[in-house]
Amino acid sequence: MVPLAEGWDNTVHLVGDTWVFRFPRRAVALPGFRRELAVLPRLAPLVPLPVPLPELIAVDEVDDDPWPFAGARLLPGREFAETALPEDARAPAAAAIGGFLRALHDPRTRAAVAVELPVDPMRRGWPRARIDDTREQLAQLAVDGVWAGDPAVGTLLLKAESLDQPSGEPVLVHGDLHIRHLLLDVEGNAAGVIDWGDVCLADPAVDLALGYTAFTGPARAAFLKAYGGVEAEQAIRARALGIRLSAFLAAYAADVGRPGLLAEALSGLRRAVDWV
């Protein structure tokens, strides 16, 4: 049993060559972890990319507050953030994740999963709700010398701040889809989507942020074509969330010494304001 990965909310261990076990690290993550366990078995056959399928589920031995943990078969692949995939080689992965999100956001998928879920509990689809700490994180990156700054980022956030709460019918979303949660195989193809602890109902922009931080140029065009098009307002929401996620990932990467993740997160800030 060896450590495999660690995030803000969970620790992941590899057991043998087959099993991956996830253990919540914070009490605040428990409701989402339990929702994940309910959703993934129903979702797995409905989407075109592999997702973790919890097969071995248990709780610890603390009588008054038992915490769940779960084991799933290992999904082979590396975090997108660590692959250093060239920009001109990203179109296949972009098209695959675009098609995946099209299936995930289909109202029929929400109906088939049929699990009661909260509506955007982190308010990620409404940039104004989280914009102050986004700006604070960007300012800190600049102070620390991690990021050189970009006036276009501030301009986009200002535009996003004027948007009201999303008014459309919410769809089933991953909820925290970024460059650490998309897996690629050795050839650069999409191999799976992991870490579903934030699964909820929300505006599609919550997941579309990945399309604006991981891809640009022909790859982004492939993403949007596979998804089926994105409304202008949703694109602004997605870009603003992409800025937020990239900023926090950059700070995390700088703190723990992950240069690959740092480089990709900083590139995400640039891509989020790239209109090509």
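Residues numbered from 1 in each chain as written. Predicted model: local features only at pLDDT ≥ 70, side-chain atom pairs only at ≥ 80, totals over all residues. Heavy atoms only, no water.

(A) View of the sheet that holds strand β8 (residues 182-184). Sheet architecture is open: three strands sit in the order β6-β8-β9, paired in antiparallel fashion. Edge positions in the sheet fall to β6 (78-79) and β9 (190-193), since each of these pairs with one other strand and no more. Across two bridges, β6 lies against β8 in antiparallel orientation. What sits directly across from Arg78, in β8, is Leu184. Sheet strands touched by helix α2 (residues 91-104): β8 and β9. Its angle to β9, the strand with the most contacts, is close to 35°. (Pairing = 2+ DSSP bridges. Helix = DSSP H or I, 4+ residues; strand = E, 2+ residues; numbered from the N terminus. Contact = heavy atoms within 4.5 Å. Axes fitted to C-alpha atoms, helices over the stretch in contact; angles between N-to-C directions.)

(B) Broad picture of the side chain of Arg220. Here Arg220 lies in helix α7 (residues 217-227). Despite being buried, Arg220 has no salt bridge partner; Asp274 is the closest side chain of opposite charge, sitting 5.2 Å away. One polar contact links the side chain of Arg220 to the main-chain carbonyl oxygen of Tyr212, over a distance of 3.1 Å. Once residues within four sequence positions are removed from consideration, Arg220 is found in contact with Gly211, Tyr212, Phe215, Arg239, Arg271, Asp274, Trp275 and Val276. (Buried < 20%, exposed > 50% of the residue type's maximum accessible area, 1.4 Å probe, protein only. Lys, Arg positive; Asp, Glu negative; His and termini not counted. Salt bridge = Lys/Arg side-chain N within 4 Å of Asp/Glu carboxyl O. Polar contact = N/O pair within 3.5 Å; in protein donor to acceptor, adjacent residues only side chain to side chain.)

(C) Representation of the packing of helix α8 (residues 232-256) against helix α9 (residues 259-272). Following both chains from N to C, one finds α8 and α9 inclined at 160°, their axes separated by 8 Å at the closest point. Judged on the interaxial angle alone, α9 and α8 are roughly antiparallel. Crossing geometry of α8 relative to α9 is assigned as left-handed. Contacts between α8 and α9 involve Arg239, Ile243, Ser246, Ala247, Leu249, Ala250, Tyr252, Ala253 and Ala254 on the former and, on the latter, Leu261, Leu262, Ala265, Leu266, Gly268, Leu269, Arg271 and Ala272. Looking at side-chain class alone, the contact of α8 with α9 contains 13 nonpolar, two polar and two charged residues. (Parallel < 35°, antiparallel > 145°, perpendicular 65-115°, else oblique. Left-handed = near helix turned anticlockwise from the far one by under 90°. Nonpolar A, V, L, I, M, F, W, Y, C, P; charged D, E, K, R; others polar.)

(D) Layout of the sheet that holds strand β5 (residues 68-73). With antiparallel pairing, the five strands of this open sheet are ordered in space as β1-β2-β3-β5-β4. Lying at the two open borders of the sheet, with one neighbouring strand each, are β1 (2-6) and β4 (54-59). The mean angle between the axes of side-by-side strands here comes to 25°, regardless of whether they run parallel or antiparallel. The pairing of strand β3 (residues 19-24) with β5 spans four bridges and is antiparallel. Counterpart to Phe21 in the pairing with β5 is Gly71.

(E) Highlighting the nonpolar core. Of all hydrophobic cores here, the largest spans 61 residues; its most connected members are Leu43, Ile97, Phe100, Trp196 and Ile243. It is α8 that provides the largest number of residues to this core, a total of ten residues. Judged by nonpolar contacts, the second largest core, of eight residues, contains Cys200, Ala202, Val206 and Leu245. (Core = buried A, V, L, I, M, F, W, Y, C linked by side-chain atoms within 4.5 Å.)

(F) Quick peek at the packing of aromatic side chains. Overall, the coordinates contain six aromatic pairs when judged by the stated rule. An aromatic cluster is present here, built from Phe21, Phe23 and Phe69 joined pairwise through their rings. Sitting over the face of the ring of Trp275, Arg239 holds its NZ or CZ atom 3.8 Å from the ring centroid. (Phe/Tyr/Trp six-rings, centres within 6.5 Å; stacked < 30°, edge-to-face > 60°. Lys NZ or Arg CZ within 6 Å of the ring centre and 35° of its normal.)

(G) View of unusual backbone geometry. Positive phi outside glycine occurs at Ala84, with the angle close to 55°. Assignment of secondary structure puts Ala84 in the loop between β6 and α2. Even without a glycine there, the phi angle at Ala114 is positive, about 55°. By secondary structure assignment, the location of Ala114 is in the loop between α3 (107-113) and α4 (127-143). According to the relative accessible area criterion, Ala114 is exposed, its value standing at 51%.

Note that all results are geometric; they support no functional claim without further evidence.
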